Amino acid sequence: MATSTLGVIIGNRDFFPDSLVEKARIEIIEVFEKLNIKPILLDSNATKLGGVETYKEAQKCADLFKKHQEEIMGVLVLLPNFGDEKGVADTLKLANLNVPVLIQAYPDELTKMNVVNRRDSWCGKISVCNNLYQYGIKYSLTSQHVMSPSDPIFQKDLLDFTAVCRVVKGMRNVRIGAIGARPGAFNTVRYSEKILQRHGISVTTFDLSEILGKANKLTAEDTKVKAHLESINAYVAQGKTPNEAMVQIAKLDVVLKEYMEEYALDATAIQCWTSLQQNYGCNVCTSMSIMSENMLPSACEVDVTGTLSMYAMQLASGSPSALVDWNNNYADDPEKCVLFHCGNWAKSFLPDIQLSNAPILGTSVGVENTYGALDGRTPAMPLTYGRISTDDPKGIIKVYIGEGELTNDELNTFGNRAVAQIPDLQGLMQYVCKNGFEHHVVMNASKTAAILEEALGNYMGWEVYKH
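Residues numbered from 1 in each chain as written. Predicted model: local features only at pLDDT ≥ 70, side-chain atom pairs only at ≥ 80, totals over all residues. Heavy atoms only, no water.

### Observations regarding the overall build of the chain
Then, number 1: Of the regular secondary structure elements, the chain holds 15 helices and 18 strands.
Then, number 2: Over its C-alpha atoms the chain spans a radius of gyration of 25 Å, differing by no more than 12% from the 23 Å that the globule rule assigns to 467 residues.
Then, number 3: Judged by the C-alpha coordinates and their principal axes, the chain covers about 80 × 50 × 40 Å.
Then, number 4: Buried residues in the chain amount to 57% of all 467 residues. (Helix = DSSP H or I, 4+ residues; strand = E, 2+ residues; numbered from the N terminus. Rg over C-alpha atoms; globule rule 2.2 N^0.38 Å. Buried < 20%, exposed > 50% of the residue type's maximum accessible area, 1.4 Å probe, protein only.)

Below, the structure written as structure tokens:
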């Protein structure tokens, strides 16, 4: 089954060779098949060779796109020759899909610059972009101005573009559960539901006491609890965690899953720090880790924009994200720091995963009430980090993103931990502090900062700083 669906517009212009349009159509269908992308494009007999030039042809192509608007995530514009800029712009205007658009143009060959073979796509691409700009239609560009679809670099661009489409589609429809009140000591994770809603991000709030009340009514004998206990044991070895604590963790896991399904939630942000431990007697880290590993990101301290950041990065990379603290310097290396959290990172980051407790939290609530936190060290991996935040006084959503590496440098401490190496880390920390960002950041084992910058900056219209 295709992983994504793109509409395809093949531009044409009457005084340029038609055969180029025919060849482009065959070539792009082959490329899409290879990359597992489903094309929605005109039949070669619906218009002249399946290209778009006239207003009538634009109407036909737009009608086809409208029929498939539920599945089309983005549109690829192919320019095998100069193309008709109005034909392309009119198609997009009439279809009104409001999805990302990628503009490709074919290169000319020095041996084929005669009237029969010359393309002039280099020039045509500029005209198409100029028209889209006039029409107010957002678009993306390939990494080189002209590129053949058979070029591996173009194919990487195309896959990156489908990731941009995934992020945009996901961000515009995401549903987040805010479970419990923001912990009193965490002003840092304040955010604006109204600003998020304006951008298509829905937050549903839940009372923590309601969730704990339902969990307390369950018993170790309930079938659902037994099933969840089994899946938790399959995910991480029980280790030294007492049986009673395992049952508490499983009961809470049952209720959280029921809420996720009933309210169709894509992600959650859960109140933890002291309330769960004092009123229920365990940590929710294991459940959060399982959800995040299963691509249902979960953040602690009701950090709603934190879990939104996790979701965006997951959409960009296709792999789980983790919410972490920018936590410690690493000796005297200015480009390295320690990333830490009590223990809720997805298993993908923790090859040595262990079920444990939370020593820092335990100093105030008793270590016996913190079982469920995970222990583990993240080894060397690629790193994309970042944070989405609502800036309420300015009424905007702002973002910072960047890339680095997670390293195998020695680190003797507890909890979920990693060492990050980031170019100009000191400059980044200056930016984070000067612009009032949170102490929580999100990490993902990928190199997807450019995808996120394009999706969140160009298409979502957010203020993005790429470090």
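### Here's the deal with the side chain of Gln104
Then, number 1: In this structure, Gln104 sits in strand β4 (residues 101-105).
Then, number 2: Residue Gln104 is classed as buried on the basis of its relative accessible area of 0%.

### With respect to the sheet that holds strand β9 (residues 298-300)
Each strand in a sheet pairs with its neighbour through backbone hydrogen bonds, running either in the same direction (parallel) or in the opposite one (antiparallel).
Then, number 1: A sheet is described by the order of its strands in space; here four strands give the open sequence β7-β6-β8-β9, paired in parallel fashion. Strands with a single pairing partner mark the edges of an open sheet, and in this sheet they are β7 (202-206) and β9. Neighbour-to-neighbour, the strand axes of the sheet open up by a mean angle of 20°, direction not taken into account.
Then, number 2: Relative to β9, strand β8 (residues 267-270) runs parallel, the two being bridged by three bridges. Bridge pairing in β9 places Ala269 opposite Ala299.
Then, number 3: Packing against the sheet, helix α11 (residues 285-293) makes contact with β8 and β9, and its axis sits at approximately 145° to β9. (Pairing = 2+ DSSP bridges. Axes fitted to C-alpha atoms, helices over the stretch in contact; angles between N-to-C directions. Contact = heavy atoms within 4.5 Å.)

### A look at the pattern of salt bridges
Pairing between side chains of opposite charge can happen when their charged atoms approach one another.
Then, number 1: Following the criterion strictly, the structure yields 15 salt bridges and no others.
Then, number 2: Salt-bridge contacts for Glu71 lead to Lys38; the nearest nitrogen and oxygen are separated by 2.9 Å. Separated by 33 residues along the polypeptide, Glu71 in the loop between α2 (55-67) and β3 (74-79) and Lys38 in strand β2 (residues 37-40) bring together distant segments of the chain.
Then, number 3: Asp409 is paired through a salt bridge with Lys336; the nearest N and O atoms lie 2.8 Å apart. Note that Asp409 is positioned in the loop between β15 (396-407) and β16 (416-421) and Lys336 in strand β11 (residues 333-341), a separation of 73 residues in sequence.
Then, number 4: Among the residues examined, Asp409 registers a relative accessible area of 22% and is labelled partly exposed.
Then, number 5: What makes Lys336 buried here is its relative accessible area of 13%. (Salt bridge = Lys/Arg side-chain N within 4 Å of Asp/Glu carboxyl O.)

### What to know about the UniProt feature "domain: L-fucose isomerase C-terminal" (unreviewed entry) in the chain
Then, number 1: Annotation from UniProt places "domain: L-fucose isomerase C-terminal" (unreviewed entry) at residues 339-465.
Then, number 2: Annotated as residues 339-465, this span is 22% helix and 38% strand, and its ends, taken at the C-alpha atoms, are 21 Å apart. (UniProt positions renumbered as here; feature names shortened; annotations may be inferred.)

### Focus on helix α4 (residues 121-135)
Then, number 1: The end-to-end C-alpha separation of α4 is 21 Å, in line with the 21 Å expected for 15 residues at 1.5 Å each.
Then, number 2: Those residues of α4 lying buried are Ser121, Gly124, Lys125, Ser127, Val128, Cys129, Asn131 and Leu132.
Then, number 3: One or two positions beyond α4, positive phi appears at Gly136, with a value near 75°. (Expected span 1.5 Å × (residues − 1).)

### Some details on the environment of Asp332
Then, number 1: As for its placement among the helices and strands, Asp332 is situated in the loop between β10 (321-330) and β11.
Then, number 2: Sequence separation between Asp332 and Ile360 is 28 residues, and the spatial gap between their C-alpha atoms is 24 Å.

### A look at α11
Then, number 1: Burial runs high along α11: eight of the nine residues are buried.
Then, number 2: Residues Cys285, Thr286, Ser287, Met288, Ser289, Ile290, Met291 and Ser292 constitute the buried set of α11.
Then, number 3: Just beyond α11, the residue with positive phi is Met295, at close to 65°.

### Things to note about the packing of aromatic side chains
Then, number 1: Going through the model one piece at a time under the given rule, you end up with nine aromatic pairs.
Then, number 2: With centroids separated by 6.2 Å and ring planes inclined at 65°, the aromatic side chains of Phe186 and Trp273 adopt a geometry described as edge-to-face. Remark: Trp273 occurs in the loop between β8 and α10 (275-279) and Phe186 occurs in the loop between β6 (175-179) and α6 (193-198); sequence separation between them is 87 residues.
Then, number 3: The partly exposed category is assigned to Trp273, whose relative accessible area is 27%.
Then, number 4: A network of ring pairs unites the aromatic residues Tyr400, Tyr431, Phe437 and Tyr465 as a single cluster.
Then, number 5: It is Lys347 that lies over the ring of Tyr235; its NZ or CZ is 4.8 Å from the centre.
Then, number 6: A cation over an aromatic ring shows up here: Lys398 above the ring of Phe437, its NZ or CZ 4.8 Å from the ring centre. (Phe/Tyr/Trp six-rings, centres within 6.5 Å; stacked < 30°, edge-to-face > 60°. Lys NZ or Arg CZ within 6 Å of the ring centre and 35° of its normal.)

### A short note on the sheet that holds β2
Then, number 1: Spatially, the five strands line up as an open sheet ordered β2-β1-β3-β4-β5, and their pairing is parallel. Across the chains shown, the open sheet's two edge strands, defined by having one partner strand only, are β2 and β5 (140-141).

### Some details on the packing of helix α8 (residues 223-235) against helix α9 (residues 243-262)
Between two packed helices, what matters for the description is the angle formed by their axes and the separation of those axes.
Then, number 1: The contact between α8 and α9 brings their axes to 8 Å, and the two run at 105°. Relative to α9, α8 is oriented roughly perpendicular. Counted together, Lys224, Val225, His228, Leu229, Ile232 and Asn233 of α8 and Met246, Val247, Ile249, Ala250, Lys251, Asp253, Val254, Lys257 and Glu258 of α9 form the full contact between these two elements.
Then, number 2: A per-class count over the contact of α8 with α9 returns eight nonpolar, two polar and five charged. (Parallel < 35°, antiparallel > 145°, perpendicular 65-115°, else oblique. Nonpolar A, V, L, I, M, F, W, Y, C, P; charged D, E, K, R; others polar.)

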